[in-house]
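# Residue-level structure breakdown
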Amino acid sequence: MADTPSHAAPRRRTLLVTLLPAVALLAVVVVGLVGLSLRTEPRASNLDGRDLVEFPAPDPDEPVEAIEAVIDKSWMAGVEDWAGDQIPGRATWLSIHAVVQTDVLQDPVVDDVYMDGPDGFLFERHLDRSVPENMATNAQALSDQLAEADIPLMWIYAPRKEELRPEVTPEAWGNDLIAERPNVMAALDTGDPMLDLTQTFDDPELFRVQYFRNDHHWTADAAALAVQEAAELARAELDVDIPDDARSYERVIYDDAAFYGTLGRRVTAPVTPGKDFLSWLEPEGGFSARQCLDDACDSPLINTYRLEEDSLYANRYRVFLGGDSGLLRIVNEDAPSDTTAVLLKDSYGNPFAMYLAERVRELYVIDERHYDGDLEMTEFAADVDADIMMVLHNQVSLLGVTRFDSTSWVDVKGASTYEEGD
């Protein structure tokens with residue numbers, strides 16, 4: 001028998017080296033598929049701040065629709081979304097991707113988030129969006145209905161941090177928020193007072209305490225200042241008694257765990273350049289207002305259990321009022337006024353409501369994105385004998401990116417976001 005040629009062993013080694021990456025990839029795929037097969041149920045993700053995609057199982061009662069979904073490829077698209085969400089070790093993979101992109105490729109942008117802002121601040125890119133055609137009509141209708149009910153209205157515009165510091169974002173991005181703001185203001189020009197807080201927060205020296213580094217929200221400091229501005233405007237132009245709060249306030253800082261907000265979660269913790277810690281200004285003696293839950297008005301405005309969630313990416317911003325809810329009643333037996341207020345708001349309004357509630361007797365907080373009540377907004381305000389309605393939004397939520405529809409101002413059940421309550 002002839003000896004094995006001397007070049008055969010090197011060839012085998014070359015073949016093995018060539019096949020190794022493919023074998024490794026196949027192993028990853030197999031492990032992933034096994035993991036995916038065990039994850040057909042939806043899971044909540046702190047990293048994404050949402051429920052992960054559920055497996056799009058065909059409905060046995062709708063066989064025709066199931067076949068059509070396969071033919072038009074929508075079912076496969078759903079499977080791909082599910083697989084992308086449910087892959088084992090997903091958070092680790094996303095972190096590795098972010099590290100490679102920033103440290104290896106030296107790219108300062110990850111998932112449309114700019115990483116090289118001053119003092120560790122993250123800024124996000126806002127793609128072009130425009131004011132919906134019906135917003136001006138709905139705003140005017142709300143104003144007219146409230147006027148007929150003799151309830152004053154105030155609009156409050158909360159700027160995003162990209163509007164305040166446009167000079168630090170990539171020039172190639174442009175700034176669609178600044179470009180669209182005049183159109184937003186025109187749509188909300190109903191003849192009622194408009195509190196545009198853009199000028200209030202334009203001081204670069206105060207910026208770092210008014211906005212989070214790695215979250216899109218303003219801080220409790222900014223919300224407290226916004227309440228003061230709103231109170232002064234209410235007294236001056238609407239003759240509504242929302243007095244100053246003369247008490248001393250002290251800062252409370254929760255530093256047991258860092259806060260990775262919406263932007264920090266998108267780029268992941270390993271590459272987030274600056275940490276945030278939740279803090280708020282608390283009046284001497286504590287907050288006097290209380291949330292009403294399950295018919296008992298004894299729940300605190302600060303929900304500290306939200307701070308103690310055992311997750312790196314826990315949404316600790318929910319410390320303010322416990323997060324978003326369709327309708328929340330807050331009472332203050334020690335309020336310096338007898339005023340009843342209704343606040344329509346997005347998540348910027350949570351710390352705002354906390355400080356507003358310290359100045360009024362009763363506050364009803366409505367998040368239009370989650371409200372499923374039977375009463376229209378004006379009917380609700382009249383039913384609680386409101387002295388004022390405030391509407392507070394930032395531009396991104398106002399233009400519908402997060403399930404907002406201004407139709408809810410005048411036709412709750414006709415809004416695209418309405419979902420029947422249990």
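Here goes a summary of the coordinates provided. (Residues numbered from 1 in each chain as written. Predicted model: local features only at pLDDT ≥ 70, side-chain atom pairs only at ≥ 80, totals over all residues. Heavy atoms only, no water.)

## Concerning the packing of helix H9 (residues 220-238) against helix H11 (residues 349-356)
It is at 8 Å that the axes of H9 and H11 come closest, and there the two elements cross at 55 degrees. Regarding the angle of H9 to H11, the classification is oblique. Between H9 and H11 lies a crossing whose hand is right-handed. Together, Ala220, Ala223, Ala224, Ala226, Val227 and Ala230 of H9 and Pro351, Phe352, Tyr355 and Leu356 of H11 make up the contact between the two elements. (Axes fitted to C-alpha atoms, helices over the stretch in contact; angles between N-to-C directions. Helix = DSSP H or I, 4+ residues; strand = E, 2+ residues; numbered from the N terminus. Parallel < 35°, antiparallel > 145°, perpendicular 65-115°, else oblique. Left-handed = near helix turned anticlockwise from the far one by under 90°. Contact = heavy atoms within 4.5 Å.)

## A word on the pairing of strand E14 (residues 362-366)
Of all 5 residues in E14, 5 are buried; the element is thus mostly enclosed. Bridge analysis of strand E13 (residues 340-345) against E14 gives 5 bridges, and the strand direction is parallel. The residue bridging Thr340 from the neighbouring strand is Glu362, located in E14. After leaving E13, the chain enters H11 and then returns to the sheet as E14, a path that is right-handed. (Buried < 20%, exposed > 50% of the residue type's maximum accessible area, 1.4 Å probe, protein only. Pairing = 2+ DSSP bridges. Right-handed = clockwise from strand over helix to strand, strands pointing away.)

## Section: the sheet that holds E14
Ordered in space as E7-E6-E15-E13-E14-E12-E10-E11, the 8 strands form an open sheet in which the pairing is mixed. Lying at the two open borders of the sheet, with one neighbouring strand each, are strand E7 (194-196) and strand E11 (296-299). Within this sheet the neighbouring strands show an average axis-to-axis angle of 25 degrees, counted without direction. With 3 bridges joining them, strand E10 (residues 290-293) and strand E12 (residues 327-331) adopt antiparallel strand pairing. Residue pairing in the sheet places Cys292 in a bridge with Arg329 of E12.

## Observations concerning the state of the cysteines
Tallied over the entire structure, the rule returns 1 disulfide. The disulfide bridge from Cys292 ends at Cys297, spanning 2.0 Å between sulfur atoms. Taking the torsion about the sulfur-sulfur bond, which here is approximately 105 degrees, the covalent link between Cys292 and Cys297 counts as right-handed. Note on Cys292: relative accessible area 15%, which makes it buried. The partly exposed category is assigned to Cys297, whose relative accessible area is 31%. (Disulfide = S-S within 2.5 Å.)

## A few points about the side chain of Arg181
By the element assignment, Arg181 lies in helix H7 (residues 176-187). Arg181 has contacts with Tyr157, Glu163, Asp196, Thr198 and Gln395, leaving out every residue within four places of it along the chain.

## Structural notes on the pattern of salt bridges
Within the structure shown, the criterion is met by 23 salt bridges. We note a salt bridge from Arg247 to Asp245, for which the minimum N-O separation is 2.9 Å. Residue Arg247 is classed as partly exposed on the basis of its relative accessible area, which comes to 31%. With a shortest N-O distance of 3.5 Å, Glu309 and Arg306 are connected by a salt bridge. Relative accessible area serves as the criterion here: at 22%, Glu309 is assigned to the partly exposed category. Taking the relative accessible area as the measure of exposure, Arg306 reaches 17% and is therefore buried. Within this structure, Asp111, Glu124, Arg160 and Arg266 form a network of salt bridges that share partners. (Salt bridge = Lys/Arg side-chain N within 4 Å of Asp/Glu carboxyl O.)

## Quick notes on the packing of aromatic side chains
One pass over the full model with this rule turns up 17 aromatic pairs. Aromatic side chains Phe121 and Phe123 sit 6.5 Å apart centroid to centroid with 35 degrees between the ring planes, which places their arrangement in the tilted category. Grouping residues by exposure puts Phe121 and Phe123 together as buried. Aromatic rings pair up to connect Phe121, Phe123, Phe201, Phe207, Tyr211, Trp218 and Tyr348 into one cluster. (Phe/Tyr/Trp six-rings, centres within 6.5 Å; stacked < 30°, edge-to-face > 60°.)

## Thoughts on the nonpolar core
Counting 61 residues, the largest nonpolar core has Trp218, Phe352, Tyr355, Leu363 and Met390 as the members making the most contacts within it. Those elements that place two or more of their residues in this core are strand E6 (153-158), H9, strand E9 (279-283), E12, E13, H11, E14 and strand E15 (388-394). Ranked by the residues each element gives to this core, the list is headed by H9, at 11 residues. Sequence-distant contacts of Leu363, that is, excluding residues within four places in its chain, are made with Leu328, Arg329, Ile330, Ala341, Leu343, Ala353, Leu356 and Ala357. Membership of the second largest hydrophobic core comes to 32 residues, among which are Val184, Ala386, Leu399 and Trp409. (Core = buried A, V, L, I, M, F, W, Y, C linked by side-chain atoms within 4.5 Å.)

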